[in-house]
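For reference, the chains in residue letters:
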Amino acid sequence: PKGKGARPPEAYCIISSLACFGLFSKIFDEVEKRRQISMALIYPFMQKLREASFPAPGQTVEIKSFIPESGTEIIHLTRPLDSWLEHVNFCTLFDCLTDEEVLQVFAAAVLERRIIFIAEELGTLSQVLHAVAALLYPFTWQHTFISIVPEILIDVVMAPTPYLLGVQKRLLDLVTDQSDLLLVDLSKHKEKTFRVTIGDEDSILPPKLQAEILVALSQRKNVSDVEEVKKVEEVNRVVSEAFLHFFVRTVGHYTSYVKFTKEGAGVFEKRRFYKAIESKTIRHFVKKFMQTQMFDLFIQELEQQQPLGLQQGESKASWTTVTH
């Protein structure tokens with residue numbers, strides 16, 4: 001805060017299970033605007049927020065807030081219909097890694113392995129980790145995710161469970177003695193990208209589907225001359241569709257193998273689902289993917305839905321769009 005003498009820094013934090021980054025950013029802007037006038041103005045605004053119900057996807061909530069000399073303001077807070085790409089910039093990921101290297105990182109993430117990214121810049125780590133997690137859509141990373149690991153928590157790299165971690169390069173010596181993981185260097189002047197590997201990252205995904213993803217990703221080159229905001233949006237569209245199409249090709253037939261009882265309970269016919277895959281290479285991949293927690297929880301949520309809800313579900317709608 002402004003003032004004379006030593007002043008401790010202030011931090012405002014929103015803790016939420018929902019990734020509505022744009023909505024939260026607007027709240028922070030409003031908080032900061034009031035903080036510049038008086039700390040006392042923050043509390044009435046926050047109380048109004050608490051009294052209002054959190055908007056449903058695609059809906060807007062109005063908050064009335066009084067500011068001296070400005071009068072009563074009406075603040076519109078809109079929750080996006082689908083926020084999975086709202087905070088993602090795939091450009092940073094592809095600035096740091098080649099298309100083939102991104103595929104290897106994606107392959108390791110799909111099988112829920114331990115992955116550490118290192119870079120000098122905090123922003124690079126944060127953007128790349130969020131981008132990698134977004135590649136898994138409509139599945140969700142279910143394990144430890146720390147976009148920037150502080151030095152005091154560096155022991156988390158010793159965990160035997162899956163993780164996605166971002167570590168500043170100055171702490172590299174504290175993580176290089178780890179094995180059985182993928183250690184990815186995002187630095188501009190690096191000797192090599194993968195400092196530690198398991199060794200099979202380039203053979204996890206079916207070869208034909210790898211080739212299809214690479215062809216789809218090559219379309220990014222067509223958006224190099226547009227303005228930055230539109231470039232990010234177009235790159236995000238091209239990249240997200242390429243990887244979403246991969247899931248459609250491998251497990252997109254899942255809806256045909258969820259049977260609902262008269263009571264509305266869903267049962268996933270795992271064996272029939274697996275046997276329906278004609279390609280041996282795809283079947284080999286899916287057999288491994290079915291053992292992941294992200295696939296298991298995705299199916300559990302599906303089984304708990306009502307048949308009508310299934311037809312209207314966000315993931316189903318997204319997959320149908322890509323298929324068409």
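Check the entry above for the structure.
So, here's what we can say about the structure. Predicted model only: the values in this text are computed from it and were never measured. (Residues numbered from 1 in each chain as written. Predicted model: local features only at pLDDT ≥ 70, side-chain atom pairs only at ≥ 80, totals over all residues. Heavy atoms only, no water.)

### Here's the deal with the pairing of strand β5 (residues 163-168)
Each regular strand carries side chains that alternate between the two faces of the sheet. Most of β5 is tucked away, with six of its six residues classed as buried. Because side chains alternate across β5, one face comprises the buried residues Tyr 163, Leu 165 and Val 167, and the other comprises Leu 164, Gly 166 and Gln 168, equally buried. Where strand β3 (residues 114-119) and β5 come together, six bridges link them in parallel fashion. Among the inter-strand pairings, Phe 117 is bridged to a residue of β5, identified as Gly 166. In this sheet, β5 lies alongside strand β4 (residues 144-146) in parallel orientation, the contact comprising three bridges. The residue of β5 that forms the bridge with Ile 146 is Leu 165. (Buried < 20%, exposed > 50% of the residue type's maximum accessible area, 1.4 Å probe, protein only. Helix = DSSP H or I, 4+ residues; strand = E, 2+ residues; numbered from the N terminus. Pairing = 2+ DSSP bridges.)

### Regarding the packing of aromatic side chains
In this structure the tally under the stated criterion is 18 aromatic pairs. With a centroid separation of 5.8 Å and 65° between ring planes, the pair formed by Phe 106 and Phe 247 is classed as edge-to-face. Residue Phe 106 is found in helix α4 (residues 99-110), and its partner Phe 247 is found in helix α7 (residues 228-251); the two are separated by 141 residues along the sequence. Accessibility expressed as a relative area gives 0% for Phe 106, which makes it buried. Overall, Phe 247 belongs to the buried group, its relative accessible area being 0%. (Phe/Tyr/Trp six-rings, centres within 6.5 Å; stacked < 30°, edge-to-face > 60°.)

### Here we look at the pairing of strand β1 (residues 60-67)
Here β1 shows a clear split, with Val 61, Ile 63, Ser 65 and Ile 67 buried on one side and none of Thr 60, Glu 62, Lys 64 and Phe 66 buried on the other. Two elements, β1 and strand β2 (residues 71-78), share eight bridges in a ladder whose sense is antiparallel. When the bridges of β2 are listed, Ile 63 appears paired with Ile 75. Between the end of β1 and the start of β2, which pair antiparallel, lie three residues, with Glu 69 showing a positive phi angle near 75°.

### Overview of the sheet that holds β4
Reading across the sheet, the five strands line up as β4-β5-β3-β6-β7 and stay open at both edges, with mixed pairing between neighbours. Two strands bound the open sheet, and with one partner strand each, they are β4 and β7 (194-196). Neighbour-to-neighbour, the strand axes of this sheet turn through a mean angle of 25°, independent of strand direction. Relative to β7, strand β6 (residues 182-185) runs antiparallel, the two sharing two bridges. The partner of Val 184 across the bridge, within β7, is Phe 194. Sheet strands touched by helix α5 (residues 122-134): β3, β4 and β5. Its angle to β5, the strand with the most contacts, is close to 165°. (Axes fitted to C-alpha atoms, helices over the stretch in contact; angles between N-to-C directions. Contact = heavy atoms within 4.5 Å.)

### Some words on the pattern of salt bridges
One pass over the full model with this rule turns up 13 salt bridges. As a salt-bridge pair, Glu 30 and Arg 34 come within 2.7 Å of each other at their nearest N and O atoms. Pair noted here: Glu 30 and Arg 34 are both in helix α1 (residues 21-37), with a separation of four residues, about one helical turn. The class for Arg 34 is buried, based on a relative accessible area of 0%. With its nearest N and O atoms 2.4 Å apart, the salt bridge here joins Glu 269 to Arg 272. (Salt bridge = Lys/Arg side-chain N within 4 Å of Asp/Glu carboxyl O.)

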